[in-house]
Number of protein chains: 4
Amino acid sequence: MSGENWQTAITKIEPNKILVRGYRLQDLMGKVTYPQMVYLLIKGELPSENIGRMIDAILVSSVDHGVTPPSCQAAVTVASTGATLNAALASGILAINEFHGGAIEKSMRVMQEAVDLMIEEKLSIEEAARKIVRNYLDRKKKIMGYGHRVHTADPRTKKLFDLAAQYGFSGDYVKMSLAIQQAFKELGGKDLPINVDGAIGAVLREIGIPSELANAFFIMARLPGLLAHITEEKTRYRPMRRIDFTQAEYDGPAEREL
Amino acid sequence: MSGENWQTAITKIEPNKILVRGYRLQDLMGKVTYPQMVYLLIKGELPSENIGRMIDAILVSSVDHGVTPPSCQAAVTVASTGATLNAALASGILAINEFHGGAIEKSMRVMQEAVDLMIEEKLSIEEAARKIVRNYLDRKKKIMGYGHRVHTADPRTKKLFDLAAQYGFSGDYVKMSLAIQQAFKELGGKDLPINVDGAIGAVLREIGIPSELANAFFIMARLPGLLAHITEEKTRYRPMRRIDFTQAEYDGPAEREL
Amino acid sequence: MSGENWQTAITKIEPNKILVRGYRLQDLMGKVTYPQMVYLLIKGELPSENIGRMIDAILVSSVDHGVTPPSCQAAVTVASTGATLNAALASGILAINEFHGGAIEKSMRVMQEAVDLMIEEKLSIEEAARKIVRNYLDRKKKIMGYGHRVHTADPRTKKLFDLAAQYGFSGDYVKMSLAIQQAFKELGGKDLPINVDGAIGAVLREIGIPSELANAFFIMARLPGLLAHITEEKTRYRPMRRIDFTQAEYDGPAEREL
Amino acid sequence: MSGENWQTAITKIEPNKILVRGYRLQDLMGKVTYPQMVYLLIKGELPSENIGRMIDAILVSSVDHGVTPPSCQAAVTVASTGATLNAALASGILAINEFHGGAIEKSMRVMQEAVDLMIEEKLSIEEAARKIVRNYLDRKKKIMGYGHRVHTADPRTKKLFDLAAQYGFSGDYVKMSLAIQQAFKELGGKDLPINVDGAIGAVLREIGIPSELANAFFIMARLPGLLAHITEEKTRYRPMRRIDFTQAEYDGPAEREL
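Keep in mind that this is a model prediction, so the values were computed, not measured.

Student: An account of the overall build of chain A is needed here, citing residue identities and associated values.
Tutor: Looking only at helices and strands, chain A features eleven helices and five strands. Taking the principal axes of the C-alpha coordinates as reference, chain A spans close to 55 × 50 × 50 Å. When each of the 258 residues of chain A is scored for burial, the buried share is 62%. About 9400 Å² of surface is accessible on chain A, with carbon and sulfur atoms providing 48% of the total.

Below, the structure is given as structure tokens:
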């Protein structure tokens, strides 16, 4: 029984030499940021500094959302049983799925559909947005990436779009995501603002990330948040306490200026 | 049946307001880097820019090591069965344990032991290092963080220490890790260079990260690498192929300059 | 922030009383077998003894398949890093997906499609089978549950069907699975015998298990096998050895009679 | 880079032949029960029918404990995000650790310690029990396997011991577990009855299962329960509902006779 030969184009390991996508790892350290490395590993080529900054801002935007997301609850629940750190993190990651984090990928697919329609049928952005929204409303299908169960004007959305403008990524996908919001208001009579998932989706498309990988960006972003909650659970509380996530009260620092 | 009240000091969520450790998330985006956020979330306070740079370099240093590490093999094996992205990533993370990635934490404990001994017994760094090494050699115990099964002069180690010097983190822990290497040579007759785990451990101690969290830094670092291998598996190969990791051949870009 | 009220119909816990689907757990112990409990928990009612025996035989049929399945490889790889038992088992389970174990569910869907067609169009089993196979061949789609990469006459298949006959479960689904095999031969010119996945699928449908749960039966079945491999790895081998699954040699007991 | 040769003594796969510990799998099906297979896989030899019955009763005893255990909460939380069945099960398993399920292993270690002491120092069971309890009380250490946060007279414990007597497994370990309970009462003034974990531990030792594998027995036992809760979540509730485990109300069948 012999295995098939196979090729890998990611990393070459030789004694005292580590080449990631052809670059010596020690050359990358200190020069290329971790967010840029994410892009290099996935896409095979180094991104511009602004792509790196954009990815950095995306990761920061989703770094944590308190104790209510299922990923946090799964991670903390597992941590409370005496699990190792990696097992608690793995549980949190297993909770990042279609209905938690998954709106990013879904919103990217709608934007792609709308931009493709715009190009194929030679429509304006607004025309394509209206056609797509009309189509979804007629089929009573939900367009993901709009509205939020807590936030009506998500501060992360505005900031992401501001940064996208600053870094040069306010292209057709970002415009389309706003045009869809406008078409929603006109055709559906609903004022559903783009949420952070929709904004991340638009910007990830702008920098060329395939929608299939959206989930991974959310996972990378949320990892430090999960780590903080797991650490808090392990250091502040006794194991196997009865956890009622609806009772959590914030006792951290008051609002402060950067 | 009622849950206990509990407090959380990490993130406060209100409608249209997300405070991470007291800071408005939109203020952090674009100003504070993801590596700095890791520190803020864990420690509760913003780090200096240089701490951020140091964490960034640590994450980049461990971003990938080809197809042979068990975390990659577990992730790729699971990916080959048609698993979702998060399940494949979770499997990879479940392989980061005492014997894979765990040397960072172990090396931190030895360094702490040595630095504590130095302070308590008012020894020089060299004296403390020799005492610790003598003690380990006598008990035939292994000091983790020295030697590597592939690399004799790991290029990541030198670069990490260079950057640590540049950013101002060449304190007692870094010095102790080098003194232990020297003591090993003198007392044990073995020229075991500090490996990347030992170097990361020394630098993490310099910036005040507790050893219990070392594993999480390795996990965060390795995530983009695992993602790249999973994506390669899913896009280049058919599901359920027979995978022989010993047969993998590199067919990516040739060595190139940054 | 208050949680929604919710109902659960599975188990009622009171001091000194545990009711599973209404039965006192101590009454079930020693009287009802574990395979019967699987059915009770899922379906809400106690199964006949023969259903219990059928589930037992299904679980035994899939209990292990050596070191080559990805679930074993993921579990052993993770175990070799010093993982806890549950983490290694979880990794193995994460590898049981569409392309590993998933053929059971897929074959159940085809059988259901064929049996539904038989009823709707008032066809004989053979006619329905031919119509379904013709349809799949025309669309060049694969019917799962037939053929195996190692076994041409899988001994588990024959035995499962024998036991199904003995226990009274050779109904339409089992007959249909055989009729599809025959139709394959006639229309496609291929002699693809039902494999163990197809046989399990047929029998699970006979006893009323929904296809969505097929994966869980495979997971329950394989758990003791994964446990044995993990234990072997932890007790016979040193951590982080280089594992080449293509090199594994069997050194257990020679073939023996029961 | 070549892998090491390695041996495996569990299962031999040849075309049309599957030997588990030397037995043809088709011979085992229908003759040997799943609980017996668990033993065969772990220990390498077929157990008696009574060992099979004992394992069966152990598995049934721990099959479910409602919605409050962390394993259930982790599994249901992950299921609510749209996770696949295996990911939700894996999360539940990752919650079975030192403080949830782990008391079985810990109680086995204490019993072993006590039985070893009895043999070494030629004590009676009662003398050994008192010496061990005295020792634990003096060191203010907890002996696991006694007392329960819900049940004062756990009905599973009595039934397990009754079945153990019936099947012939009321040996030194079972006697010691009861002697420790008695010694607790006399020396510590606490009436802490053996709980189900302690009872399972005693019986597992009686049938020769190593304490390191106790966790796996709990995982196998609990799997059908987790499956039922996951299925209930997926079929009765909308995704991403707010789950408050403290609010769960039982609406299943009323108490009924077997």
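Student: Quick one: what's the story with unusual backbone geometry, residue by residue and with numbers?
Tutor: Most peptide bonds take the trans configuration, and most residues that are not glycine carry a negative phi. Phi at lysine 122 of chain A takes a positive value of approximately 50 degrees, unusual for a residue other than glycine. Within the secondary structure, lysine 122 of chain A is located in the loop between α6 (103-120) and α7 (125-138). On the accessibility criterion, lysine 122 of chain A (75% relative accessible area) is exposed. Phi is positive for lysine 140 of chain D, close to 50 degrees, though the residue is something other than glycine. Mapped onto the elements of the fold, lysine 140 of chain D is located in the loop between α7 (125-138) and α8 (155-167). Owing to a relative accessible area of 77%, lysine 140 of chain D belongs among the exposed residues under this scheme.

Student: So what's going on with the relation of the copies chain C and chain B? Residues and values would help.
Tutor: In summary, the two copies of the chain are related to each other by a rotation about an axis coupled with a shift along it. Take chain C, turn it by 180 degrees, move it 0.0 Å along the axis, and it overlays chain B with an RMSD of 0.0 Å. As the rotation angle and translation indicate, the two copies are arranged about a two-fold axis. The fraction of interface residues of chain C whose copies in chain B are also interface residues reaches 100%, indicating that both copies meet through the same surface.

Student: How would you explain the interface of chain B and chain A if you had to name every residue and give the values?
Tutor: With 106 residues of chain B at the interface, the matching set in chain A holds 106 residues. Taking both sides of the interface into account, the surface hidden between chain B and chain A amounts to around 9800 Å²; carbon and sulfur atoms contribute 64%. Between the two partners, chain B and chain A, sit eight salt bridges. Where arginine 24 of chain A meets glutamate 255 of chain B, a salt bridge forms, and the shortest distance between an N and an O atom there is 2.6 Å. The element best represented in the side of chain B that touches chain A is helix α11 (residues 214-236) of chain B, accounting for 15 residues.

Student: Give a detailed account of the relation of the copies chain B and chain A, specifying residues and quantitative values.
Tutor: Overlay of chain B on chain A (RMSD 0.0 Å): rotation 180 degrees, translation along the axis 0.0 Å. In this assembly, 100% of the residues forming the interface of chain B have copies in chain A that are likewise at the interface, indicating an isologous arrangement.

Student: Talk me through the packing of aromatic side chains; I want residue IDs and the actual numbers.
Tutor: The geometry of two aromatic rings is summed up by the distance between their centres and the angle between their planes. Overall, the coordinates contain 14 aromatic pairs over all chains when judged by the stated rule. On the basis of an interplanar angle of 65 degrees and a centroid distance of 5.6 Å, the ring pair of tyrosine 146 of chain C and phenylalanine 184 of chain C is categorised as edge-to-face. With tyrosine 146 of chain C in the loop between α7 (125-138) and α8 (155-167) and phenylalanine 184 of chain C in helix α9 (residues 172-188), this residue pair connects regions lying 38 residues apart in the sequence. A residue is classified by how much of its surface remains accessible, and tyrosine 146 of chain C, at 6% relative accessible area, is buried. Judged by centre distance (5.7 Å) and plane angle (80 degrees), the rings of phenylalanine 245 of chain C and tryptophan 6 of chain D are edge-to-face. Of this pair, phenylalanine 245 of chain C sits in strand β5 (residues 243-250) while tryptophan 6 of chain D sits in strand β1 (residues 4-8), each in a different chain.

Student: Help me get a handle on the pattern of salt bridges, residues and values and all.
Tutor: All names here are of chain A. Summed over all chains, the structure comprises 68 salt bridges over all chains. Ionic pairing is found between glutamate 212 and arginine 109, a salt bridge with its closest N-O pair at 3.8 Å. Residue glutamate 212 is found in the loop between α10 (196-206) and α11 (214-236), and its partner arginine 109 is found in helix α6; the two are separated by 103 residues along the sequence. On the accessibility criterion, arginine 109 (41% relative accessible area) is partly exposed.

Student: Run through the sheet that holds strand β4 (residues 23-24) of chain D, naming residues and quoting values.
Tutor: Pairing between the strands of a sheet comes from backbone hydrogen bonds, and it takes one of two forms, parallel or antiparallel. With respect to topology, three strands assemble into an open sheet ordered β2-β3-β4 (chain D), the strand pairing being antiparallel. Two strands in the sheet have a free side with no partner beyond their single neighbour: β2 (11-14) and β4 of chain D.

Student: I'd love a proper account of the interface of chain C and chain B, names of residues and values included.
Tutor: Tallying the contact residues gives 23 residues for chain C and 23 residues for chain B. Looking only at chain C, the three residues that lose the most surface to chain B are Thr81, Phe99 and Met240 of chain C, adding up to 26% of its buried area. At the boundary of chain C and chain B, one finds zero salt bridges. Along the contact surface separating chain C from chain B lie eight residue pairs in polar contact (both at pLDDT 80 or more). Every element with two or more residues in the side of chain C that touches chain B is listed here: α4 (70-79), α5 (85-94) and β5 of chain C. The dominant element in the side of chain C that touches chain B, judged by the number of residues it contributes, is α4 of chain C, at five residues. Of the residues contributing to the side of chain C that touches chain B, the split by class is eleven nonpolar, eight polar and four charged.

Student: Pulling in residues and values, what's your account of helix α9 (residues 172-188) of chain B?
Tutor: All names here are of chain B. The terminal C-alpha atoms of α9 lie 23 Å apart, and with 17 residues this matches the ideal 24 Å at 1.5 Å per residue to within 8%. Buried within α9 we find Tyr173, Val174, Met176, Ser177, Ala179, Ile180, Ala183 and Phe184. Buried positions along α9 lie against α6 (103-120), α7 (125-138), α8 (155-167) and α10 (196-206). Where α9 ends, the next residue or the one after it, glycine 189, has phi of about 70 degrees, a positive value.

Student: Any details on the packing of α7 of chain D against helix α9 (residues 172-188) of chain D? Residues and values, ideally.
Tutor: Residues and elements named next belong to chain D. Following both chains from N to C, one finds α7 and α9 inclined at 55 degrees, their axes separated by 8 Å at the closest point. As summarised for this structure, α7 and α9 are arranged oblique, according to the angle between their axes. With respect to the hand of their crossing, α7 and α9 are arranged in right-handed fashion. Between α7, through Ile125, Glu126, Ala128, Ala129, Arg130, Val133, Arg134 and Leu137, and α9, the contact on the second element is made entirely by Asp172, Lys175, Met176, Ala179, Ile180, Ala183, Phe184, Glu186, Leu187 and Gly188.

Student: Would you mind going over the side chain of threonine 77 of chain B in detail, with residue names and values included?
Tutor: Inspection of the secondary structure assignment puts threonine 77 of chain B in helix α4 (residues 70-79). Given the relative accessible area of 4%, threonine 77 of chain B is considered buried. Contacts of threonine 77 of chain B, omitting those with residues within four sequence positions, involve Ile243 and Phe245 of chain B together with Pro70, Gln73 and Ala74 of chain C.

Student: Hey, could you go over the sheet that holds strand β3 (residues 17-20) of chain A for me, with residue numbers and the actual values?
Tutor: The three strands lie next to each other as β2-β3-β4 (chain A), forming an open sheet whose pairing is antiparallel. Each edge of the sheet is formed by a strand with only one pairing partner; in this case those strands are β2 (11-14) and β4 (23-24) of chain A.

Student: Explain helix α2 (residues 34-43) of chain B to me, using residue names and the numbers behind them.
Tutor: With nine of ten residues buried, α2 of chain B is to be regarded as a mostly interior element. Positive backbone phi, at 95 degrees, marks glycine 44 of chain B, one or two positions downstream of α2 of chain B.

Student: Describe the pairing of strand β2 (residues 11-14) of chain B, listing the residues and the values that go with them.
Tutor: Residues and elements named next belong to chain B. As judged from the four bridges shared by β2 and strand β3 (residues 17-20), these two strands associate in the antiparallel manner. Looking across to β3, one finds that glutamate 14 is bridged to lysine 17. In textbook terms, the turn of a hairpin is the stretch between consecutive antiparallel strands, and for β2 and β3 this stretch comprises two residues, one of which, asparagine 16, has a positive phi near 60 degrees.

Student: A description of the environment of asparagine 215 of chain A should follow, citing residues and the corresponding values.
Tutor: For asparagine 215 of chain A, the position within the fold is in helix α11. On the basis of relative accessibility, which here comes to 13%, the residue asparagine 215 of chain A falls in the buried class. Separated by 103 residues in the primary sequence, asparagine 215 of chain A and glutamine 112 of chain A place their C-alpha atoms 17 Å from one another. If near-sequence neighbours (up to four positions away) are discounted, asparagine 215 of chain A is found in contact with Ile96 of chain A together with Asn86 of chain B.

Student: Please set out the pairing of β3 of chain A residue by residue, giving values where relevant.
Tutor: Residue and element names in this part refer to chain A. For β3 and β4, the ladder comprises two bridges, and the chain directions are antiparallel. Bridge pairing links valine 20 to tyrosine 23 in β4. Counting the residues in the hairpin turn of β3 and β4 gives two residues, including arginine 21, whose phi is positive at 50 degrees.

Student: Give a description of the packing of helix α6 (residues 103-120) of chain D against helix α10 (residues 196-206) of chain D that names residues and reports values.
Tutor: Residue and element names in this part refer to chain D. For the pair α6 and α10, interaxial distance at closest approach is 8 Å and the crossing angle is 55 degrees. Taken together, α6 and α10 sit at an angle that is classed as oblique. For the element pair α6 and α10, the recorded crossing hand is right-handed. Here Ala103, Ile104, Ser107, Met108, Met111 and Gln112 of α6 lie close against α10, whose contacting residues are Asp197, Gly198, Ile200, Gly201, Ala202, Leu204 and Arg205. Tallied by class, residues from the contact of α6 with α10 come to seven nonpolar, four polar and two charged.

Student: I'd like a description of the confidence of the model for chain A, backed by residues and values.
Tutor: On average, chain A scores 95 in pLDDT, and the residues at 70 or more come to 98%. Scored as a whole, the predicted complex attains pTM 0.97, and scored at its interfaces, ipTM 0.96.

Conventions adopted
- Residue positions are given per chain, counted from 1 along the sequence in the order it is written.
- All chains are assigned letters beginning at A, and all ligands numbers beginning at 1, according to the order in which they are written.
- In keeping with the predicted nature of the model, local features appear solely for residues at pLDDT of at least 70, side-chain atom pairs appear and are counted solely at 80 or more, and the whole-chain, interface and lining totals rest on all residues.
- Neither water nor hydrogens contribute to the side-chain values; these are computed over all heavy atoms in the structure.
- Strands here mean DSSP runs of E at least two residues long; helices mean DSSP runs of H or I at least four residues long; both are numbered from the N terminus.
- Throughout this description, buried means an accessible area under 20% of the type-specific maximum (1.4 Å probe, protein chains only), exposed means over 50%, and partly exposed covers the range between.
- For every accessible area listed, the method is Shrake-Rupley and the probe measures 1.4 Å; residues are considered covered only by the protein chains on display.
- Least-squares superposition of the copies uses the C-alpha atoms of those residues scoring a pLDDT of at least 70 in each of them.
- In this analysis, two residues are considered to be in contact whenever any of their non-hydrogen atoms come within 4.5 Å of each other.
- Once two parts are brought into contact, the accessible area they lose, counted with a 1.4 Å probe and summed over both, makes up the buried area.
- Each reported salt bridge corresponds to a side-chain nitrogen of Lys or Arg within 4 Å of a carboxyl oxygen of Asp or Glu.
- Stacked, tilted and edge-to-face pairs are distinguished by plane angle, under 30 degrees for stacked and over 60 for edge-to-face with tilted covering the rest, among Phe, Tyr and Trp rings (Trp via its six-membered ring) whose centres lie within 6.5 Å.
- Pairs of strands are assigned from DSSP output, requiring at least two bridges between the strands.
- Pairs of N or O atoms within 3.5 Å make up the polar contacts considered here, provided that, within protein, one atom can donate a hydrogen while the other can accept it, and that residues adjacent in sequence are counted only when both atoms are side-chain atoms.
- Only Asp, Glu, Lys and Arg are considered charged, only Ala, Val, Leu, Ile, Met, Phe, Trp, Tyr, Cys and Pro nonpolar, and every remaining residue, Gly among them, polar.
- For a helix, the expected span equals 1.5 Å multiplied by the number of residues minus one.
- Axes here refer to lines fitted to C-alpha atoms; in helices the fit is confined to the stretch in contact. Angles between the N-to-C directions go from 0 to 180 degrees.
- Under this scheme an angle from 65 to 115 degrees is roughly perpendicular, one under 35 degrees roughly parallel, and one over 145 degrees roughly antiparallel; angles in between are oblique.
- What makes a crossing left-handed is the near helix being turned counterclockwise from the far one by less than a right angle; a clockwise turn instead makes it right-handed.
- A residue's pLDDT is the predictor's confidence in that residue, given on a scale from 0 to 100.

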